[in-house]
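If you want the building blocks of each chain, they are given just below.
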Amino acid sequence: MKISDIFKNGIIKQNPIFVQLIGMCSVLAVSSSLKNSVTMAIAVIGVLVLSNIVISMLRKVTPEKIRIPIFIVVIATFVTLVEMLMKAFMQPMYQALGIFIPLIVVNCIILARAEAFASKNSVFKSALDGVAMGLGYGIAITILGTIREIIGSGSLWGIQLFGEGFQPAALFVAPPGAFILLGILIAIFRTVVVKRFSE
Amino acid sequence: MNIINIIIANVFINNYVFSRFLGTCPFLGVSNKMETATGMGVAVTFVTTLASVITFIIQKLILETAHIEYLQTIVFILVIASLVQFVELVLKKTSPALYNAMGVYLPLITTNCIVLGVAILNIQEKYNILETAASAFSAALGFSLALVLMASVREKLEIAEIHESLEGFPLTLIAAGLMSIAFAGFSGLM
């Protein structure tokens, strides 16, 4: 598999959010503002790349039968690391993301990549796959976060964009907006982007 | 009184799927048929309640007495993963009928974020053991309610004529959004 294929796969053809529809809990929950979305994306990319590297290193010594518990321990270790770092250096963000930081452990994307890619490929390729899949996740959550923040609160990265006359549609920062917007985005992504690249 | 409040809040007002976004993956994955939705609902309710009580005991007896609370995530996910395996084994041996009904859903539950999410939230809310059990049970009940409601909507959508770009998940997500608006109406209940 070529390097460009790994990236095309992670970002477009097998985009975890828009195509595979896995790991959506945090995407829906955290994307109410752009800042939260980007932080979450960085946390997920970090855990994904590091766990892919370690799992790939361990692939020859991991017994087949207990591989899933081993993967979970590796992933949980990195999640705890991220959690402690954020608690120490980014207290407000840690509060804002709340429960969704420890829940990176059960983000299906990470376990799926460990099982489908990292346990079968070299360390270098697994790291790249982690970056590609993480970017696919990051792009999805960033797009959703941008749209929700602009429409729902009339600001971007916390900066007000419109004058005082602007009435934000609060529905879009509330849970229903997240579901509806993600549904529309998936439909657009499928018809426009995936079709173009599969030709 | 507090327990009744917790139950009403978890099932309706702060429904775990519609307002806290936990368990969206299985919610979208297995809500296409009524039969699978009820099976998954029963399995999740059983495991979540059991897992929350066990993790609560472990948190109090081991993590807090030894001052290693930072290991919470690792310990909890391991407990849940082994509990799921254990429940699967016990059911297989003791009750084949029940195993047939919920056996296939059990392995999926480890990565259902409701189980871990509720366990962590219960500790954060500083619930006692009774409240923990009530909170876990009602959270899973709310999840099952969402699953069953969604399944009945999706069975109707199967036969509807939809534009091809919206078929499947996009329309399901939009329907979930509309349902979430309906659930937001419960917020005045308490």
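Parameters at a glance
Residues numbered from 1 in each chain as written. Chains lettered and ligands numbered in written order. Predicted model: local features only at pLDDT ≥ 70, side-chain atom pairs only at ≥ 80, totals over all residues. Heavy atoms only, no water. Helix = DSSP H or I, 4+ residues; strand = E, 2+ residues; numbered from the N terminus. Buried < 20%, exposed > 50% of the residue type's maximum accessible area, 1.4 Å probe, protein only. Contact = heavy atoms within 4.5 Å. Lys, Arg positive; Asp, Glu negative; His and termini not counted. Charge placed at Lys NZ, Arg CZ, Asp CG, Glu CD. Core = buried A, V, L, I, M, F, W, Y, C linked by side-chain atoms within 4.5 Å. Salt bridge = Lys/Arg side-chain N within 4 Å of Asp/Glu carboxyl O. Buried area = accessible area lost by both parts, 1.4 Å probe. Nonpolar A, V, L, I, M, F, W, Y, C, P; charged D, E, K, R; others polar. Expected span 1.5 Å × (residues − 1). Polar contact = N/O pair within 3.5 Å; in protein donor to acceptor, adjacent residues only side chain to side chain. Phe/Tyr/Trp six-rings, centres within 6.5 Å; stacked < 30°, edge-to-face > 60°. Lys NZ or Arg CZ within 6 Å of the ring centre and 35° of its normal. 1 Å grid on protein atoms, 1.4 Å probe; cavity = no way out; pocket = protein on both sides within 12 Å on 5 of 7 lines; lining within 4 Å. Points joined across faces, edges and corners; volume = space filled by probe spheres on them.

Caption draft 1: Up close: the overall build of chain A. Tallying secondary structure elements over chain A gives 8 helices and 2 strands in all. Counted from the first residue to the last, chain A has its helices and strands arranged as α-α-α-α-α-α-α-β-β-α. With respect to the principal axes defined by its C-alpha atoms, chain A has extents near 65 × 50 × 25 Å. Of all 199 residues assigned to chain A, the portion counted as buried reaches 49%. If you take every contact in chain A between residues at least 6 apart in sequence, the share linking residues at least 24 apart comes to 73%. The positive charge centre, built from 16 side chains, and the negative charge centre, built from 8, are 8 Å apart in chain A.

Caption draft 2: Region of the structure containing the nonpolar core. With 106 residues, the main nonpolar core has Ile17, Met40 and Leu182 of chain A together with Phe18, Phe27, Ile109 and Leu116 of chain B as its most contacted residues. Among all residues touching Ile17 of chain A, those that are not within four sequence positions of it are Ile22, Gly23, Met24, Val27, Ile109, Tyr137, Ala140, Leu182 and Ile186 of chain A.

Caption draft 3: Focus on the pattern of salt bridges. Residues and elements named next belong to chain A. Throughout the structure, instances matching the rule amount to 4 salt bridges over all chains. Between Arg67 and Glu64 there is a salt bridge whose closest N-O contact spans 3.6 Å. For Arg67, a relative accessible area of 24% corresponds to the partly exposed category. With relative accessibility at 59%, the residue Glu64 sits in the exposed group. Through salt bridges that share partners, Glu64, Arg67 and Glu115 make up one connected network.

Caption draft 4: Quick look at the interface of chain A and chain B. Taken together, the 37 residues of chain A in the interface contact 36 residues of chain B. Summed over both partners, the interface of chain A with chain B buries about 2900 Å², with 84% contributed by carbon and sulfur atoms. Viewed at the interface, chain B and chain A are joined by 0 salt bridges. Among the elements of the structure, α2 (24-30), α4 (67-89), α6 (108-118) and α8 (175-198) of chain A are those that each provide at least two residues to the side of chain A that touches chain B. Here the side of chain A that touches chain B takes 13 residues from α8 of chain A, the largest share from any one element. For the side of chain A that touches chain B, a count of residues per class yields 29 nonpolar, 5 polar and 3 charged.

Caption draft 5: How the structure looks around α4 of chain A. Taking 1.5 Å of rise per residue, 23 residues should cover 33 Å, and α4 of chain A covers 33 Å from first to last C-alpha, within 8% of that figure. Buried within α4 of chain A we find Phe71, Ile72, Val74, Ile75, Ala76, Phe78, Val79, Thr80, Val82, Glu83 and Met86 of chain A. Each element contacted by the buried residues of α4 of chain A is listed here: α3 (34-57), α5 (91-97) and α6 of chain A together with α4 (72-94) of chain B.

Caption draft 6: Region of the structure containing the side chain of Ser135 of chain B. Here Ser135 of chain B lies in helix α8 (residues 129-158). Separated by 2.7 Å, the side chains of Ser135 of chain B and Asn122 of chain B make a polar contact.

Caption draft 7: Quick peek at the packing of aromatic side chains. Counted according to the given criterion, the structure contains 7 aromatic pairs over all chains. The ring of Tyr16 of chain B has Arg20 of chain B sitting right over it, with the charged end atom 4.5 Å from the ring centre.

Caption draft 8: Layout of the side chain of Thr73 of chain B. Within the fold, Thr73 of chain B resides in helix α4. Since its relative accessible area comes to 1%, Thr73 of chain B is described here as buried. In contact with Thr73 of chain B, other than residues within four places in its own chain, are Val79, Thr80, Glu83, Pro102 and Val105 of chain A.

Caption draft 9: Representation of the environment of Ser26 of chain A within the structure. Residue and element names in this part refer to chain A. With respect to the helices and strands, the residue Ser26 is situated in helix α2. Looking at Ser26, the relative accessible area reads 6%, which means it is buried. When near neighbours in sequence (up to four residues on either side) are disregarded, Ser26 contacts Ser31, Met40, Phe100, Asn107, Tyr137 and Ile141. Polar side-chain contacts of Ser26 include one of 2.7 Å to the side chain of Tyr137.

Caption draft 10: Molecular detail of empty space enclosed by the protein. Inspection of every chain in the model, using the stated rule, returns 2 cavities of 30 Å³ or more. In this structure, the largest cavity occupies an estimated 90 Å³ of space. Sorting elements by how many residues they give to the lining of the largest cavity places α2 of chain A first, with 3 residues. Here the lining of the largest cavity is built from residues that sort into 10 nonpolar, 3 polar and no charged. In this model, the second largest cavity occupies a volume close to 50 Å³. Around the second largest cavity sit Ile72, Ile75, Val105, Val106 and Leu111 of chain A together with Ile77, Thr110 and Thr111 of chain B, which together line it. Counted by class, the lining of the second largest cavity contains 6 nonpolar, 2 polar and no charged residues.

Caption draft 11: The environment of Phe117 of chain A, seen in detail. Residue and element names in this part refer to chain A. As for its placement among the helices and strands, Phe117 is situated in helix α6. With relative accessibility at 6%, the residue Phe117 sits in the buried group. Phe117 sits 65 residues away from Asn52 along the chain, and the two C-alpha atoms are 8.2 Å apart.

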